[in-house]
Amino acid sequence: MAQRFNIRELAPKAYEKIFTLEDYLKHSELDPVHFELIKIRGSQINGCAFCIDKHTKDALNIGETPRRIFLLDAWKETGLFTDEERIILAMTEEITLIQNQGLTEATYQEAKKYFSDQYIAHIIMAIVTINAWNRIAISSRMDVK
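Looking up the protein in an unreviewed UniProt entry gives the name Carboxymuconolactone decarboxylase family protein, with the organism given as Niabella digestorum.

Printed below as a string of structure tokens:
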């Protein structure tokens with residue numbers, strides 16, 4: 001599939017604002033593995049090949065295992081993910097698929113058992129950010145290289 005256009009060139013100020021948010025989150029208290037799991041899982045749900053490719057490579061570079069990445073799409077069926085990671089993945093699915101019901105009260109209350117309100121806010125912002133990137137990449141047909 002050919003790339004339609006380079007959105008970074010056509011809307012550079014808007015594009016850079018999303019990079020600013022990404023950079024903020026990268027330097028926040030979010031664990032780097034948590035951040036990459038959010039990015040990969042959100043991208044899987046949205047079907048964004050460009051982002052799946054990028055973030056699986058990034059995850060491997062920070063020490064994530066190929067096995068966990070291979071099984072991320074079936075995280076509910078494996079014991080390879082910690083309780084904290086499982087709640088983050090549940091949040092990622094519920095927020096990404098917001099049309100279904102959004103972040104449920106049950107999932108939010110479970111998250112509060114593991115994370116501070118600030119950490120939860122960062123998780124939510126990370127999910128929002130990858131959803132924005134997915135929509136940009138898919139709409140402009142960013143090519144996997």
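Student: Explain the nonpolar core to me, please; I cannot follow it from the model alone.
Tutor: Ranked by size, the top nonpolar core spans 23 residues in total, and within it Leu30, Ile38, Phe115, Ile123 and Trp133 carry the most contacts. Among the secondary structure elements, those contributing two or more residues to this core are α2 (12–26), α3 (32–46), α6 (83–96) and α8 (117–140). Residue contributions to this core peak at 9 residues, all from α8. With residues near it in sequence (within four places) discarded, Ile38 still touches Ile88, Thr92, Ile123, Ala126, Ile127 and Ile130. Formed by 9 residues, the second largest nonpolar core is a distinct cluster that contains Ile40, Ala59, Ile69 and Leu72.

Student: Looking at this structure, I do not really get the UniProt feature "domain: Carboxymuconolactone decarboxylase-like" (unreviewed entry) in the protein. What am I missing?
Tutor: The positions UniProt marks with the feature "domain: Carboxymuconolactone decarboxylase-like" (unreviewed entry) are residues 12–93. In residues 12–93, the share of helix is 73% and the share of strand is 0%. The end C-alpha atoms are 29 Å apart.

Student: Which parts of the structure should I look at to understand the packing of α6 against helix α7 (residues 105–114)?
Tutor: Pairs of packed helices are described in terms of their axes, by the angle between the two and the distance that separates them. Contact geometry for α6 and α7: axes closest at 10 Å, N-to-C directions at 145°. As α6 packs across α7, the resulting crossing turns out to be left-handed. Contacts from Asp83, Glu84, Ile87, Ala90, Met91 and Glu94 in α6 reach Thr107, Glu110, Ala111 and Tyr114 in α7. Taken together, the residues of the contact of α6 with α7 sort by class into 5 nonpolar, 1 polar and 4 charged.

Student: Hey, could you run me through the state of the cysteines in this one?
Tutor: Tallied over the entire structure, the rule returns 0 disulfides. For Cys48, which is in no disulfide, the shortest distance to another cysteine sulfur is to Cys51 and amounts to 3.3 Å.

Student: Any chance you could explain the environment of Glu105 here in plain terms?
Tutor: Relative to the helices and strands, Glu105 is located in helix α7. A distance of 2.6 Å separates the side chain of Glu105 from the side chain of Gln109, its partner in a polar contact.

Student: How should the packing of aromatic side chains be read in this particular structure?
Tutor: The geometry of an aromatic ring pair is captured by the separation of the ring centres together with the interplanar angle, meaning the angle of the planes. Applying the stated criterion to the full structure yields 5 aromatic pairs. Here Tyr15 and Trp133 contribute two aromatic rings whose centre-to-centre distance is 5.2 Å and whose plane-to-plane angle is 70°, an arrangement assigned as edge-to-face. You can see Tyr15 sitting in helix α2 and its partner Trp133 sitting in helix α8, a full 118 residues away along the chain. Using a relative accessible area of 8% as the deciding quantity, one classes Tyr15 as buried. Seen from their ring centres, Phe115 and Tyr119 are 4.9 Å apart, and the 15° between their planes marks the pair as stacked. Across the pair, Tyr119 and Phe115 agree in class, each one buried. Joined through ring pairs, the aromatic side chains of Tyr15, Phe19 and Trp133 make up one cluster.

Student: Before we go on, may I ask you to explain the pattern of salt bridges in this structure?
Tutor: Pairing is possible between side chains of opposite charge, provided their charged atoms come close. The tally for this structure, following the rule as stated, stands at 12 salt bridges. The residue Lys39 makes a salt bridge to Glu22 at a minimum N-O spacing of 2.7 Å. Note that Lys39 is positioned in helix α3 and Glu22 in helix α2, a separation of 17 residues in sequence. One salt-bridge network, held together by shared partners, links Arg41, Asp73, Lys76 and Glu93.

Cut-off values and rules
- Residues numbered from 1 in each chain as written.
- Predicted model: local features only at pLDDT ≥ 70, side-chain atom pairs only at ≥ 80, totals over all residues.
- Heavy atoms only, no water.
- Core = buried A, V, L, I, M, F, W, Y, C linked by side-chain atoms within 4.5 Å.
- Buried < 20%, exposed > 50% of the residue type's maximum accessible area, 1.4 Å probe, protein only.
- Helix = DSSP H or I, 4+ residues; strand = E, 2+ residues; numbered from the N terminus.
- Contact = heavy atoms within 4.5 Å.
- UniProt positions renumbered as here; feature names shortened; annotations may be inferred.
- Axes fitted to C-alpha atoms, helices over the stretch in contact; angles between N-to-C directions.
- Left-handed = near helix turned anticlockwise from the far one by under 90°.
- Nonpolar A, V, L, I, M, F, W, Y, C, P; charged D, E, K, R; others polar.
- Disulfide = S-S within 2.5 Å.
- Polar contact = N/O pair within 3.5 Å; in protein donor to acceptor, adjacent residues only side chain to side chain.
- Phe/Tyr/Trp six-rings, centres within 6.5 Å; stacked < 30°, edge-to-face > 60°.
- Salt bridge = Lys/Arg side-chain N within 4 Å of Asp/Glu carboxyl O.

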